[in-house]
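Commentary on secondary and tertiary structure
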Amino acid sequence: MGMFSMGKPRSFHHEYIYVDERKEKLQKIEESAKRDLGMLPPKEFSPEDIRGKFVEGTTYLKRRKESGRKPLAYGTLFIAIIVLLFILNYLVTGEFSF
């Protein structure tokens with residue numbers, strides 16, 4: 001069986017050659033200092049921005065949002081379970097009484 005087994009491929013590891021981490025860190029520090037001094041507007045953060053990104057990231061959620069179809073409500077599921085319990089009771093006992 002050793003003849004047909006396949007080994008794992010090498011994992012991909014990419015290191016950037018032309019990246020200056022020190023320069024990027026200095027730019028972040030400069031930007032935060034300018035924001036503290038009021039030279040730049042403060043960064044806006046809202047949870048709605050993050051929530052929208054998750055929906056955009058998945059195709060089935062995009063399709064559901066575009067179609068306008070909503071998932072089943074708890075009441076509908078509860079009624080469906082009760083109906084199924086009545087059917088199960090009928091199949092087991094042979095009569096419609098609880």
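Below or above, wherever it landed, is the structure these notes cover. (Residues numbered from 1 in each chain as written. Predicted model: local features only at pLDDT ≥ 70, side-chain atom pairs only at ≥ 80, totals over all residues. Heavy atoms only, no water.)

**So, the overall build of the chain**
Put simply, the rule reads: Going along the chain from the N terminus, every DSSP run of H or I of four or more residues is numbered as a helix, and every run of E of two or more is numbered as a strand. Buried, partly exposed and exposed residues are distinguished by accessible area as a fraction of the type maximum, computed with a 1.4 Å probe on protein chains only: under 20%, between the cut-offs, and over 50%, respectively. Using the Shrake-Rupley algorithm and a 1.4 Å probe, accessible areas are obtained, with residue cover drawn only from the displayed protein chains.
For the chain, the helix and strand inventory stands at four helices and zero strands. Beginning at the N terminus, the succession of helices and strands in the chain can be written as α-α-α-α. Considering the chain as a whole, with its 98 residues, one finds that 1% of them fall into the buried category. By element, 62% of the accessible surface of the chain is carried by carbon and sulfur atoms, the whole surface being about 10500 Å².

**Some thoughts on the pattern of salt bridges**
Proximity of charged atoms lets side chains of opposite charge pair with each other. Defined as follows: Each reported salt bridge corresponds to a side-chain nitrogen of Lys or Arg within 4 Å of a carboxyl oxygen of Asp or Glu.
Under the criterion given, the structure shown has one salt bridge. One salt bridge connects Arg 35 with Glu 31, and the closest N-O pair in it is separated by 2.9 Å. Of this pair, Arg 35 and Glu 31 are both found in helix α1 (residues 21-37), four residues apart, which corresponds to roughly one turn of the helix. Under the relative-accessibility criterion, Arg 35 is labelled partly exposed at 25%.

**Some thoughts on a nonpolar patch on the surface**
The following threshold applies: Patches were defined on residues exceeding 30% relative accessible area and lacking a salt bridge, with like-charge contacts within 9 Å and nonpolar side-chain contacts (Val, Leu, Ile, Met, Phe, Trp, Tyr) within 5 Å.
Where nonpolar side chains cluster on the molecular surface, the patch consists of Phe 78, Ile 79, Ile 82, Val 83, Leu 84, Phe 86, Ile 87, Tyr 90, Leu 91 and Phe 96 and spans about 1100 Å² of accessible area. Relative to the helices and strands, Ile 87 resides in helix α4 (residues 74-93).

**Comments concerning α1**
To be explicit about the condition: Every helix has an expected span of 1.5 Å times one less than the residues it contains.
Counted at 1.5 Å a residue, the expected span for α1 with its 17 residues is 24 Å, and the 24 Å between its end C-alpha atoms agrees. Positioned one or two residues after α1, Gly 38 has a phi angle of 90 degrees, which is positive.

**Quick word on helix α3 (residues 59-67)**
Of all the nine residues making up α3, zero are buried; the element is thus mostly uncovered. Directly after α3, the chain includes Gly 68, whose backbone phi takes a positive value near 80 degrees.

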